[in-house]
Amino acid sequence: MSTLIQNGIIVTASDTFEADLLVQGEQIVAIGTGLHEDGAEIINAEGCYIFPGGVDPHTHLDMPFGGTVTADDFESGTIAAAFGGTTTIIDFCLTEKKKPIKDAIQTWHEKSKGRAAIDYSFHLMIGEATEEVLAQLPSVINEEGISSFKVFMAYKNVFQADDATLFHTLKKAKELGALVMVHAENGDVIDYLTKEALANGQTEPIYHALTRPVEAEGEATGRACQLTALANSQLYVVHVSCEEAVRKIEEARRAGADIWGETCPQYLTLDIDDLRKPEFEGAKYVWSPPLREKSHQDVLWNALRTGALQTIGSDQCSFHFKGQKTLGVEDFTKIPNGGPMIEDRMSILYSEGVAEERITLNRFVDVTSTRASKLFGLYPKKGTIAIGSDADLVIFDPFAVRTISSDTHHMKVDYSAFEGKQVKGVVRTVLSKGKVIIQDQAYKGKAGDGQYIKRAKYNEQLRNQIYVEHV
Ligand code: URP
Ligand code: ZN
Ligand code: ZN
């Protein structure tokens, strides 16, 4: 089957140009002006941009956390992602200390197989770098195609790993060709501060933010950067929320370290005052790291613009307000951390970033798609518009507007952190591997269209890359 997309403006991380696009089967086969193909289905993209489908490197679907399980699973989460223009996700496979890694990966395959609307892959959590765990990592990379490992420096007594685990993981990742990811907050300090707050009767949602200060994130980020330099390894810092962390990453990069940073739409647009909303509404805004003072937003936008931070993850981790967030009505530490973001990740970045002239169109594509696909071994299959790449494409009307609401979103969760917000730009059509899966606000795909992707080792695909020219 062929599809010819005519009259659109193609946008990649480096170029913007008018051209037609011919898709055959799952791939892009021609890019040029005045293309013809007998029998092809025609899509007229006049007045629209054509972006490579978004690559969301940070999701938590069907994940047990905080005494409950996320509201969105691989079916609802990936459909919602597609509505928002994301065509690939990388989800975090959790592990448990002393339990075999292969069982954890199997569990994640069972959660996702036959359910996803778009392609997906996994990162693997390392909770404790025992000899046994380290010995399994070559097969995790080579057989499962999982080339990124996640270490939590926070969530004491739940996910938190110690510095020995982080250092061992960094050393092993360098040896094997994987990228180490960190949740960088000082979990021990946060544990002290939360116990102190509760002892003082400070139980409301705002104390979630006040007990996770910027210093705790800055310190952990700096420590992770130093350990990476010491191990001569590679690091990706997830969900950077504040200036203190940005500065540590900038400093390490300036010194030549191989370190990358991600932020999320929530840190660019929402702030600590949202946690003060009455009637426990502040619980809707409980993320870790927490939302910060508004002044941090400019630092984060500047970091995206200048390249000090390079990607945008959704950190999709949705919980209903009623029945899930409300678990913490009497104690903020019992509010499950996280929020619904997979669907609006690209919308918020386009509207607040490109339309407000904080970042360029090409930078938008880079941070929402291309860079993550390069860092996580998906490029050039994903993350760009080129001959031979998967036809994961988003036809995007930059002049249309829409209002975000939980009444119309596709995430299975009873609130939106952006309720009533008007955004510029609307996703018109989404193709995943050549097949139209979203058209005119309707889902046309089916569960199981999305396949598990084995990823290349860190940097390997880029080193071996053969560039193809546009015709
Ligand atoms: O609050 C958050 N970020 N929830 C998801 C888990 C994590 O730390 O990424
Ligand atoms: Zn985290
Ligand atoms: Zn996360």
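Scroll up to find the structure.
Every chain is numbered independently, its residues counted from 1 as its sequence is written. Starting at A for chains and at 1 for ligands, labels are handed out in the order in which the entities are written. With pLDDT at 70 or above as the cut-off, local features in this predicted model cover only qualifying residues; side-chain atom pairs require 80 or more to be listed or tallied, and sums for whole chains, interfaces and linings still use all residues. As a rule here, side-chain values cover all heavy atoms of the structure and leave hydrogens and water aside.

**Student:** Honestly, the overall build of the protein chain in this entry has me stumped. Any pointers?
**Tutor:** By definition, any uninterrupted DSSP run of H or I lasting at least four residues is a helix, any uninterrupted run of E lasting at least two residues is a strand, and each is numbered from the N terminus. Of the regular secondary structure elements, the protein chain holds 13 helices and 19 strands. Its C-alpha radius of gyration of 21 Å places the protein chain within 12% of the 23 Å reference for a compact globule of 471 residues. Projecting the C-alpha coordinates of the protein chain onto the three principal axes gives extents of approximately 70 × 50 × 40 Å. Here the protein chain has roughly 17,900 Å² of accessible surface; of this, 47% comes from carbon and sulfur atoms. Residues counted as positive are Lys and Arg, residues counted as negative are Asp and Glu, and His and the chain ends are not counted. By convention, the point assigned to a charge is CZ for Arg, NZ for Lys, CD for Glu and CG for Asp. The distance from the centre of the 48 positive side-chain charges to the centre of the 66 negative ones in the protein chain is 3 Å. For this measure, only C-alpha atoms enter the radius of gyration; the expected value for a globule follows 2.2 Å times N^0.38, where N is the number of residues. Computed with the Shrake-Rupley method and a 1.4 Å probe, the accessible areas treat only the protein chains shown as cover for residues.

**Student:** Please clarify how the site of ligand 1 should be interpreted in this entry.
**Tutor:** In the vicinity of ligand 1, the residues found are His58, His60, Phe65, Tyr155, His183, His239, Trp287, Ser288, Asp315, Cys317, Asn337 and Gly338. Any pair of N or O atoms that falls within 3.5 Å is considered a polar contact. Within protein, one atom must be able to donate a hydrogen and the other to accept it, and sequence-neighbouring residues count only if both atoms are side-chain atoms. Separating an oxygen atom of ligand 1 from a side-chain N or O atom of His60 is a distance of 3.1 Å. A distance of 2.6 Å is found between an oxygen atom of ligand 1 and a side-chain nitrogen or oxygen belonging to Tyr155. Protein chains bury 100% of the 270 Å² of accessible surface belonging to ligand 1 in isolation. Any residue with an atom within 4 Å of a point lines the site, the site being either a cavity, points on a 1 Å grid over the protein atoms alone where a 1.4 Å probe fits but cannot get out, or a pocket, an open set with protein on both sides within 12 Å along at least 5 of 7 lines. Occupancy of a cavity or pocket is assigned to a molecule whenever over half of its atoms lie within 2 Å of that pocket's grid points. Mapping ligand 1 onto the cavity grids shows that it belongs to the largest cavity. Being near a molecule or strand, for a residue, means having at least one of its heavy atoms within 4 Å of it.

**Student:** Looking at this structure, I do not really get helix H12 (residues 361–375). What am I missing?
**Tutor:** Because an α-helix packs 3.6 residues into every turn, residues spaced three or four apart end up facing the same way. Each residue after the first adds 1.5 Å to the expected span of a helix. The terminal C-alpha atoms of H12, which comprises 15 residues, lie 20 Å apart, in line with the 21 Å expected from a rise of 1.5 Å per residue. The angle separating two fitted axes, one through the seven residues that finish at a residue and one through the seven that start at it, defines the bend at that residue. In the structure, H12 departs most strongly from a straight axis at Val367, where the bend amounts to approximately 50°. Here H12 lies mainly inside the structure; twelve of its 15 residues are buried. For every residue, the accessible area (1.4 Å probe, protein chains only) is compared with the maximum for its type, and the residue is labelled buried under 20%, exposed over 50%, or partly exposed between those bounds.

**Student:** Where do I start with empty space enclosed by the protein in this structure?
**Tutor:** Using a probe with the size of a water molecule, rolled over the atoms, empty space left in the structure can be pinpointed. Grid points are joined across faces, edges and corners, and a volume is the space filled by probe spheres set on the points. Across all of its chains, the model carries one cavity of 30 Å³ or more by this definition. If you add up the space inside the largest cavity, you get close to 120 Å³. Lining the largest cavity are 16 residues, with His60, Phe65, Tyr155, Ser288 and Asp315 sitting closest to its centre. Tallied by class, residues from the lining of the largest cavity come to seven nonpolar, seven polar and two charged. Under the grouping applied here, Gly and all other residues not named as nonpolar or charged are polar, the nonpolar ones being Ala, Val, Leu, Ile, Met, Phe, Trp, Tyr, Cys and Pro and the charged ones Asp, Glu, Lys and Arg.

**Student:** Quick question: what am I supposed to make of the coordination of the zinc ion (ligand 2) here?
**Tutor:** When a metal holds four donors in a tetrahedron, each ideal angle between them is 109.5 degrees; when it holds six in an octahedron, the ideal angles are 90 or 180 degrees. Each metal site is built from N, O and S donor atoms within 2.8 Å (3.2 Å for Na, K and Ca), and since water is not included, such sites may look incomplete. Bound to the zinc ion (ligand 2) are the protein donor atoms His183 (ND1) and His239 (NE2), situated 2.1 Å from the metal. Under the classification used here, a metal with four donors is tetrahedral if each angle lies between 85 and 135 degrees, square planar if opposite donors are over 155 degrees apart and the others between 65 and 115, a six-donor metal meeting that same test is octahedral, and anything else is irregular. Bound by four donor atoms, the zinc ion (ligand 2) shows angles of 57 to 152° at the metal and therefore irregular coordination geometry. Between the zinc ion (ligand 2) and the zinc ion (ligand 3), a spacing of 3.9 Å is present. With His183 in strand E12 (residues 179–183) and His239 in the loop between strand E13 (234–237) and helix H8 (243–254), this residue pair connects regions lying 56 residues apart in the sequence. Taken individually, His183 and His239 each receive the classification buried, so the pair is uniform in this respect.

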